[in-house]
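Understanding the architecture of this molecule
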Amino acid sequence: MELHPQPFEVLLLRALEELERKDAIFDLPRKKFWQPNPDLDLSCTFRGEVAATPAGPAAGPQSQLIQNIVLSYLTGGRVIELKTVQVDDRLEIPRPCIDARHVGYNVEWSQELRVEDALEEYVAAWMFLRILREVGALTGPAGSERVLFDMSVGYDLAGIKTAKVTNFVRSMLDASEVIDRLRGRLRGPLARFRDLDFDPRIAAGITLSTFHGCPADEIEAIGEYLLEDLGVHTLIKLNPTLLGYEAVDDLIRNQLGYEHIRLDQGAFEHDLAWEQMEGIIARLSGKAQAAALTLGVKFTNTLVVENTDTFFPDDKMMYLSGAPLHVLSTTLAARFREQFGNRYAISFSAGVDRKNFYELVAGDLAPITTCTDLLRAGGYGRMTGYLEELEKRMLKLEVKSRGDYVLAARGKGAEVAAEVLGAKLGAQVAAHLAGEGPKDVRALLAKAGAEDRYGALVAAAGTKNLSEYAGEVA
């Protein structure tokens, strides 16, 4: 059974008519749209660019069609991680392929579209968002519309180096040809959008997803190809197996009580070890710097487990996500940050929901993407709650920016201020954060001629916050 996307122009006509008649888009009512507080700045920097929020969908079944991406954007997603693309685009996906009744399992792991169709979906979705902004579908302060797309490709070097995948990446870097082709489909009532200034640079970065068990030297070779040959910012998606079999088994079965989950010990034997990861990141970092690009990591991929249920009748193994993966990934992210500081960006995706999103923001992680939670009742509208919860906490702390929220959320900004800024200025910042009234640490530092230390201060507090949360979350 193949997935056949609805034509760009058909979806656009429907959305515009539905917006006019029902004040909704794709059955999502306006009350579920993210309505940003004009007094708060939730923005984050990702690969050197600014997104209005750190939230978005993770690469998954819910980020491969135009309507998926549009709904993610309407509910506050501003870093859209597109569904992973690979050379083998004629897969037979089993049905059902996702079980989100409790924890979260799946047996699908790649796009359900032909590569050329995936390219058109992503470019059309980019144009769709531009048109929605043109018609004023969303309200919000200047800057709240800033959105970034992130590519995801896999799964081995041979496949990524094929003309099919390489051309996909290059077309996402400059989609002029695809945009011009899609402009021709804007006819009749849509003709007024034909000459809009659609930015041809759809995405400037890639999150690399590799097979479980992919050899270390191949992961490094793919990273080199992405950085040096394709010239894209690169994130290496890492596996929860980095913690080691004993640690993962203890967390999952003993501490969390998921006694029915059976790990695949072979996955731990073949996946990257921590020391191998360290070497790969260090060597690729030099290549990224030479190419004036950024290198980072993503925590984490799903976890291979034995299929002990009957939901997927034909698969011996399945991939775990959701709440237990959140614990594993938070533990890994904290360990990585403690070792490397803020030298490398950390993208996070594992069991993200309204109850923990604000904790991850406090950990200075960005982007923070979600999948399993969006597959449950309420769908994309659930993501609006992530941002509303964050805004509520920011208002309570009397902070106006994401950075100041990191500093104030767990009191760690005051704790690390002297270490980062020196005794005198550190004491001023600590007193400011502890005092009554609105907080603006960047302005305080600017007045002291030390605004350039703000990022280091936020990063240091974020590391402390993340470590503390990781110690609590199990």
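Check the entry above for the structure.
The following paragraphs examine the structure supplied in this document. The structure presented is a predicted model; accordingly, all values stated were derived computationally and were not measured.

A word on the sheet that holds strand S14 (residues 317-320)
- Pairing is antiparallel in the open sheet, where four strands are placed in the order S7-S8-S14-S13. Strands with a single pairing partner mark the edges of an open sheet, and in this sheet they are strand S7 (98-99) and strand S13 (303-306).
- Bridging between S7 and strand S8 (residues 105-106) involves two bridges; their strand directions are antiparallel. By the bridge assignment for S8, Asp99 is matched with Tyr105.

Side note on unusual backbone geometry
- Cis geometry marks the peptide bond from Gly154 to Tyr155; its omega dihedral reads -5 degrees.
- Looking at where Tyr155 falls in the secondary structure, it is placed in the loop between strand S9 (148-153) and helix H4 (157-160).
- In this chain, Phe299 is followed by Thr300 through a cis amide linkage whose omega measures -10 degrees.
- Of note, Thr300 is situated in the loop between strand S12 (295-299) and S13.
- Positive phi, close to 55 degrees, is recorded for Asp23, a residue that is not glycine.
- With respect to the secondary-structure elements, Asp23 resides in the loop between helix H1 (8-22) and strand S1 (24-25).
- Relative accessible area serves as the criterion here: at 35%, Asp23 is assigned to the partly exposed category.
- At Glu398, a residue that is not glycine, the phi angle is positive and equals roughly 60 degrees.
- Mapped onto the secondary structure, Glu398 falls in the loop between helix H13 (382-397) and helix H14 (402-409).
- Accessibility expressed as a relative area gives 33% for Glu398, which makes it partly exposed.

Side note on the environment of Ala408
- Relative to the elements of secondary structure, Ala408 occurs in helix H14.
- Residue classification places Ala408 among the buried positions, given a relative accessible area of 16%.

Let's talk about the nonpolar core
- The biggest cluster of nonpolar side chains holds 152 residues, and the ones touching the most others in it are Phe8, Ile25, Phe128, Phe149, Phe168, Phe299 and Leu457.
- Residue contributions to this core peak at 13 residues, all from helix H3 (residues 115-134).
- Counting residues in each nonpolar core, the second largest holds seven residues, with Ala51, Val79, Leu148 and Ala366 among its members.

Quick notes on the pattern of salt bridges
- Under the counting rule described, the total for this entry stands at 35 salt bridges.
- Residue Glu389 is joined to Lys392 by a salt bridge in which the shortest nitrogen-to-oxygen separation is 3.4 Å. One end of the pair, Glu389, and the other, Lys392, are both in helix H13, three residues apart, so they sit about a helical turn from each other.
- On the basis of relative accessibility, which here comes to 51%, the residue Lys392 falls in the exposed class.
- Glu389 is the salt-bridge partner of Arg393, the closest N and O atoms lying 3.0 Å from each other. Residue Arg393 and its partner Glu389 are located together in helix H13, separated by four residues, close to a single helical turn.
- Classification of Glu389 as buried rests on a relative accessible area of 9%.
- Connected through shared salt-bridge partners, Glu359, Arg410, Lys412, Glu415, Lys464, Glu468 and Glu472 make up one network.

Calculation criteria
Residues numbered from 1 in each chain as written. Predicted model: local features only at pLDDT ≥ 70, side-chain atom pairs only at ≥ 80, totals over all residues. Heavy atoms only, no water. Pairing = 2+ DSSP bridges. Helix = DSSP H or I, 4+ residues; strand = E, 2+ residues; numbered from the N terminus. Buried < 20%, exposed > 50% of the residue type's maximum accessible area, 1.4 Å probe, protein only. Core = buried A, V, L, I, M, F, W, Y, C linked by side-chain atoms within 4.5 Å. Salt bridge = Lys/Arg side-chain N within 4 Å of Asp/Glu carboxyl O.

These values are about where atoms sit, not about what they do.
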